Amino acid sequence: MAVKIEDFRFDDKPWRITWLGRLVYPPSSRTEPRITVHLTELLPEFGDPFSADSQPKSPRYKQVAVKVGFIPFLKIGSVWLEGVRVPAQSREVECTLVHEKCQLVRFDSKVRIGNTWEPIFAPNRYRVGLDALTEVNSSWVVLLHDPTPAIRLLVIPATTLFQRAMATSPKAVRRLVLGQFDKIVDPSSAPLLDDPKTFFLLLFKDFDDAEGPALANLIADPIASQEYARFRKALTIESANYQGREQPPAHIKLNLPFKNPARLKARGKFMPFKVLEGKKDVTKWGFLATDITDLQPRFCFDRLIVERKNNANKGQNAGDPDLAPTWGGRIRSPVELDKPVVTSAVDPADDLEAACIEESGNFNDPLVTIIKDQKLVQQYRSRARQPRGAGESDGTASTGDLSGKGSTTELDIEVAPTPEIPITLDVFFDALALVVKAGYPFETIPISSSFRQRPDSGVVNFLPRHIRRVRSWHLTSDSAGAAPRGYVVAELFQGSVWRYLIEIQRKGAETLALLYVRHYQGQRIEKRELEQFMLSVARENGWGAKEYFKKWVCIPIKHRPKKGTLAFSQDIIKQL
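Within each chain, residues carry numbers counting from 1 in the order of the written sequence. Reporting of local features is limited, given that this is a predicted model, to residues whose pLDDT is at least 70; pairs of side-chain atoms are given and counted only at 80 or more, and all residues count toward the totals for whole chains, interfaces and linings. Hydrogens are left out, water is left out, and the side-chain values use all remaining heavy atoms of the structure.

A. Looking closely at the overall build of the protein chain. Only DSSP runs of H or I with at least four residues qualify as helices, and only runs of E with at least two residues qualify as strands; both kinds are numbered from the N terminus onward. Of regular secondary structure, the protein chain possesses 10 helices and 31 strands. Taken across its 576 residues, the protein chain has 47% of its residues classed as buried. Contacts in the protein chain between residues far apart in sequence, at least 24 positions, make up 72% of those at least 6 positions apart. A 1.4 Å probe and the Shrake-Rupley method give the accessible areas. Residues count as covered only by the protein chains that appear here. Total accessible area computed for the protein chain in this model is approximately 29,000 Å², and 50% of it derives from carbon and sulfur atoms. Three labels apply to residues, based on accessible area from a 1.4 Å probe with only protein chains included: buried if under 20% of the type maximum, exposed if over 50%, partly exposed otherwise in between. We call two residues contacting when some pair of their heavy atoms lies within 4.5 Å.

Right under this line is the structure:
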């Protein structure tokens, strides 16, 4: 798929991308950040785009700010003619990268080769225009000494590394540079407790499964997590310290984001270094990697389970009659998707995902098995879509008459009232108030579609009135028409760990302890998961349901009525 970038349509001459400069943040987070692209005019009959022979005697230079979502296409050294990339010659190297041997420095730093200290960037090694000189000098690059017997120094621009290791799609790039990783991958993503070599990844619906390995690596690999944190910190600090009147610019700062060695294949330009050996000047060669064509790391996991957040597929509980019904949508008309040329006049965050994923190459560890896991839980009962023109609901429904008369009848809808707040939960609310006063600011949260707000801001949830395979445990009494039992879920984020307290209404002389819950990895537990847990509690007639939630730490805290509310609150604090 060809991509046309309108910003590169200067004339009928070929233009080479010389360098990728700073990111420029807009005044509003709704506007996509831009990256500064420096271009150099080439001769129509150019050969090696990095060679001086491919340029006019007095080449022209251009500087353009392009939406950062296009960064996977903006390869240094690529040649563009009337906005479309054209083939070009290039040199290529292949080597192995190890994080401990990679240095992150500015491009204008000096490096020791043999007994000589030489600047990395010099006009005789890489020719750029005066407008790009400042940005090239202040850009970050990754250095690796002696990557091959013939090359003494490998230089990888941080932007080039970002293109291959993180820039999986336009939407992902935008989220990453804005620090919104939690809107790409759900925080509950983590290695499985009973199998640390298997990683569970919960992707938001806007992102493709092919992006999974690179995104999972940012969580699973401690070096990758560290590098992304540094990447964001550098952008934030440079923007905060900027004193100019225009929008603040910031450089991409990134080292190799892999704990284990990674195999690299890259195109670029050889750079000569004159060094002194004895009494003679000899030439040693470095290599500027401007386009990583293949990257094969060894991930920290052997298996990757990819599940979709807001997944439209049916879950394993699709047949559960307790699921709330949802309204069937309209069937959409067919849309023509075959676009041989995608233009930058269209927002890349909406229309260039497929081309971008293709360009990024879907880098992956060949030893990792990717598993498309079946959806476990859905929240609503599925309904068939209606064809267009079927009309809106008018409050009538079919009588189910099979005679084909098609008669209708008025819908008879019974609205079930929300139950009253049970008095038996007052002891827990009193104890929770003491816990909050002691410095643990728990907040009660609604997780059920049926809940009530107490006058003191406490929230009480209620179990469904009808639960499949449950006769009356979930009700306040065994009599027909009894109200469902209430329960409270209190949430606390402290010390980088999310903690939960779950208390359920007593039934008769029943004794049931308070439950303290947290995820093994400390992540926040989704409300839908807590609600499904409470349905399991009803089916198991107690906290025995915790056996089905292996990722959680579940500790019962017994009630001691004779000791009073203060002792109850102290027992809670001991578990925190």
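B. Up close: the nonpolar core. With 93 residues, the main nonpolar core has F8, L74, L154 and F162 as its most contacted residues. Tallying contributions element by element places strand 16 (residues 262-277) first for this core, with six residues. F162 has contacts with I71, A167, V173, L176, V177, F231, I252 and L254, leaving out every residue within four places of it along the chain. Put simply, a nonpolar core is a bunch of buried Ala, Val, Leu, Ile, Met, Phe, Trp, Tyr and Cys residues held in one set by side-chain atoms that sit within 4.5 Å of each other. V470, I525, V537 and W543 belong to the second-largest nonpolar core, a separate cluster that totals 26 residues.

C. Structural detail: the packing of aromatic side chains. Aromatic pairing here means that ring centres of Phe, Tyr or Trp (its six-membered ring) are within 6.5 Å. Orientation follows from the plane angle: under 30 degrees is stacked, over 60 is edge-to-face, and everything else is tilted. This model, assessed by the stated rule, comprises 18 aromatic pairs. Measuring from centroid to centroid gives 6.0 Å for F50 and Y126, while their planes differ by 50°, and the two rings are tilted. In this pair, F50 is assigned in the loop between strand 3 (34-41) and strand 4 (61-67) and Y126 in the loop between strand 10 (116-119) and helix 1 (130-138), connecting sequence segments 76 residues apart. Considering the side-chain rings of F70 and F73, the 6.3 Å spacing of their centres and the 55° angle between planes classify their relative orientation as tilted.

D. Region of the structure containing the sheet that holds strand 12 (residues 151-157). On the basis of which strands lie adjacent, the open sheet formed by six strands has the order 7-16-17-12-11-8 and mixed pairing. Two strands in the sheet have a free side with no partner beyond their single neighbour: strand 7 (91-97) and strand 8 (103-106). Each adjacent strand pair in this sheet contributes to an overall mean axis angle of 40°, direction not counted. The pairing of strand 8 with strand 11 (residues 140-148) spans four bridges and is classified as antiparallel. What sits directly across from R106, in strand 11, is W140. Pairing between two strands is assigned when DSSP locates at least 2 bridges connecting them. Note on geometry: axes are C-alpha line fits, over the in-contact stretch for helices, and angles between N-to-C directions span 0 to 180 degrees.

E. Spatial organisation of the pattern of salt bridges. By definition, a salt bridge exists where a carboxyl oxygen of Asp or Glu is found within 4 Å of a side-chain nitrogen of Lys or Arg. Counted under the stated rule, the structure contains 19 salt bridges. Ionic pairing is found between D146 and R152, a salt bridge with its closest N-O pair at 2.8 Å. R152 gets classed as partly exposed once you look at its relative accessible area, which sits at 24%. Its salt-bridge partner being R298, residue D302 comes within 2.6 Å of it at the nearest N-O pair. Owing to a relative accessible area of 23%, D302 belongs among the partly exposed residues under this scheme. R298 gets classed as partly exposed once you look at its relative accessible area, which sits at 26%. What you see here is one network of salt bridges that share partners, running through K75, R85, E92, R267 and D291.

F. Inspection of the side chain of T198 at higher detail. Here T198 is to be found in strand 14 (residues 195-203). T198 gets classed as buried once you look at its relative accessible area, which sits at 3%. Whenever a nitrogen or oxygen atom comes within 3.5 Å of another N or O atom, the pair is scored as a polar contact, on the condition that within protein one atom can donate a hydrogen and the other can accept it, and that pairs from neighbouring residues in sequence are kept only if both atoms are in side chains. Among the polar contacts listed, one links the side chain of T198 to the side chain of D195, at a separation of 2.6 Å. The contact partners of T198, leaving out residues within four places of it in the chain, are A190, P191, L192, R303 and I305.

G. Region of the structure containing the environment of R518. Residue placement: R518 occurs in strand 30 (residues 514-519). Of the residues examined, R518 reaches a relative accessible area of 25% and is grouped as partly exposed. Taking the C-alpha atoms as reference, R518 lies 4.9 Å from R499; in sequence the two are 19 residues apart.

H. Spatial organisation of the pairing of strand 12. Of all seven residues in strand 12, six are buried; the element is thus mostly enclosed. Sheet topology places strand 11 next to strand 12; six bridges connect them, and they run antiparallel. By the bridge assignment for strand 12, L144 is matched with L154. Taking the residues that link successive antiparallel strands as the turn, the strand 11-strand 12 hairpin has two residues. For strand 12 and strand 17 (residues 280-297), the ladder comprises three bridges, and the chain directions are parallel. Within strand 17, the residue paired with V155 across the bridge is L288.

I. View of helix 3 (residues 170-177). In terms of burial, helix 3 is a largely internal element, six of the eight residues being buried. Once helix 3 ends, the next one or two residues include G179, with phi positive near 75°.

J. Highlighting the packing of helix 8 (residues 426-437) against helix 10 (residues 565-575). Packing of helix 8 against helix 10 brings their axes to within 8 Å, and their N-to-C directions diverge by 60°. In terms of orientation, helix 8 and helix 10 fall into the oblique class. For the crossing formed where helix 8 meets helix 10, the hand is right-handed. On helix 10, the residues that touch V427, F428, D430, A431, L434 and V435 of helix 8 are T565, L566, F568, S569, I572 and I573. As a working rule, the residues Ala, Val, Leu, Ile, Met, Phe, Trp, Tyr, Cys and Pro are called nonpolar, Asp, Glu, Lys and Arg charged, and the rest polar, with Gly in that last group. Of the residues in the contact of helix 8 with helix 10, the class split is nine nonpolar, two polar and one charged. What sets the label is the angle itself: under 35 degrees gives roughly parallel, over 145 gives roughly antiparallel, 65 to 115 gives roughly perpendicular, and the rest give oblique. Helix crossings are classified by the rotation of the near helix relative to the far one: an anticlockwise turn of less than a right angle makes the crossing left-handed, while a clockwise turn makes it right-handed.

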